[in-house]
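Per-entry structural report
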Amino acid sequence: VALDEIDLFDEQVNEFLDNTYNDPEVQVDLLDFFENIVPEERLCLILNLIEETKNKDKLAIIFSLLIHCELDTQGKESEFELVLNALINSNSVYSTYGLEHILKKNNFQNFLEDKTVKKIEQAIKKNKLKQNDFIDLTLTKNSKPDKCLISLVDGKGMFSLVFSRIKKDNTHAAILLTININQGITSVIGFSNLSLEEYLKILKRIFKNSLCSDINPVALKAIFEFYYNKNFKTNTLLPYELAVWKKYFNDIRILEYDLSEFLNSKLDLVHLTGSKVKKIINSKFYENWFYLYNENENFDKIIDFIEKTASEKNEFNIEKIEKKLQEILENDFVQNEEYIKTINSEILIQSYVSSLAKFCAMANASFSLCFNKKYLKDFVNSILDRSIFQYYLKKQEQFDLKDENENKNLFEKIRKTNLSKNNIKKLLEFYGEKWK
């Protein structure tokens, strides 16, 4: 390879690294590149960055991003050790972001030795003596928070957040987050340079089939921080791109109290009646709340029982199925503390979004379910009824396809049910009426 080609390559690499200082999309490109190269090349890249990057602030910014990746931790010269030591030795305030991330992860997973924790804490303390309360505003300094949105929670316990900023040149930056109530943040997509038309088109596509509501940036950040921390608690891998896009929240104040306390303060307890609970169950806020087979093991027990009952001669009996459902409802749902905690969290977020959308009566009524065991049980019962209905509605559709199609063997494989078409019809009629 000619020397001038090597010089050109080095120049391009240096230009790329220079751009990581203030260009979020280049930062994401760097993380993508790092995640997709083989271990030997990753190690080589880390060593080259340590040797060649003279500006310690830029090195600290780059390594504070890389520390969010899943780094190899085996040996003294491991990826993790090299990046960690480079951050500590950089003496840059920009290293604080990466070092604090490591400590937070260690608080929940306890993978660091005590002496390493002390070294990190001393480095952070040293940084704060240089510049107390340092906040990296590189990505926020020429913009201000703009439209923020939150979606309804779906039947799988998932919801979305959209945070955007408008820049001085009227372009938009936007972050789209998907959150699982049980696990934390599961995906993030970011854009740093959108026209208003592009931004509105993205929003339309995201919320095409879902109600969403405007939300205050401070409240959105509180929800974001809560579920960001939940990833550590549940040992759910954070999307590495979040290392970049999270910085767009840096100039927004943090709520000084617990998220559930904040959400509770926005809602009121009301007296519930059976008719109010029926309205909640049949409202557009909860119409998609049902379980799919293989997504909830306790719901699977109900379907398995129905199928087993149908396979026994002359034993298909809806009363028998309903009795088993009530048994599973009580033992595996109502008496299951983890499940009740989860369903209450989902209802709390849903009630808050309903209130933001100005459906205050619905918001307060559904919020009150969390404090009423009898009606909460009725609500969960309705979810199971709807789940059975949806499951066998699909089976009925597959029967209809089979009847219309000559290739009956194909649809025999898809169908996979012991129920006759007539028994499916009976189930649909019974459970369709029950939760309506």
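See the structure above.
Right, let's walk through the structure included here. (Residues numbered from 1 in each chain as written. Predicted model: local features only at pLDDT ≥ 70, side-chain atom pairs only at ≥ 80, totals over all residues. Heavy atoms only, no water.)

On to the packing of helix H14 (residues 318–334) against helix H19 (residues 421–434). At a minimum axis distance of 11 Å, the contact between H14 and H19 shows a crossing angle of 50°. Classified by the interaxial angle, the pair formed by H14 and H19 is oblique. Considering how the two elements wind past one another, H14 and H19 form a crossing that is right-handed. For the pair formed by H14 and H19, the contact residues are Ile318, Ile321, Glu322, Leu325 and Gln326 on the first element and Lys426, Leu427, Phe430, Tyr431 and Lys434 on the second. Across the contact of H14 with H19, the residue classes break down as 6 nonpolar, 1 polar and 3 charged. (Axes fitted to C-alpha atoms, helices over the stretch in contact; angles between N-to-C directions. Helix = DSSP H or I, 4+ residues; strand = E, 2+ residues; numbered from the N terminus. Parallel < 35°, antiparallel > 145°, perpendicular 65-115°, else oblique. Left-handed = near helix turned anticlockwise from the far one by under 90°. Contact = heavy atoms within 4.5 Å. Nonpolar A, V, L, I, M, F, W, Y, C, P; charged D, E, K, R; others polar.)

In space, the 5 strands of this open sheet follow the order S4-S3-S2-S1-S5, with antiparallel pairing throughout. Edge strands, defined here as strands with exactly one partner in the open sheet, are strand S4 (184–194) and strand S5 (212–214). Strand-to-strand twist in this sheet, taken as the mean axis angle between neighbours without regard to direction, amounts to 20°. Where strand S1 (residues 143–151) and S5 come together, 3 bridges link them in antiparallel fashion. Pairing of leucine 149 across the sheet is with aspartate 214, part of S5. Sheet strands touched by helix H9 (residues 217–233): S1, strand S2 (158–167), strand S3 (172–180) and S4. Its angle to S2, the strand with the most contacts, is close to 130°. (Pairing = 2+ DSSP bridges.)

By secondary structure assignment, the location of asparagine 250 is in the loop between helix H10 (242–245) and helix H11 (259–265). In this structure, the C-alpha to C-alpha distance between asparagine 250 and lysine 221, residues 29 residues apart in sequence, is 9.6 Å. Filtering out sequence-adjacent residues up to four positions away, asparagine 250 remains in contact with Ile135, Asp136, Leu137 and Lys221. A distance of 2.8 Å separates a polar side-chain atom of asparagine 250 from the backbone oxygen of aspartate 136. (Polar contact = N/O pair within 3.5 Å; in protein donor to acceptor, adjacent residues only side chain to side chain.)

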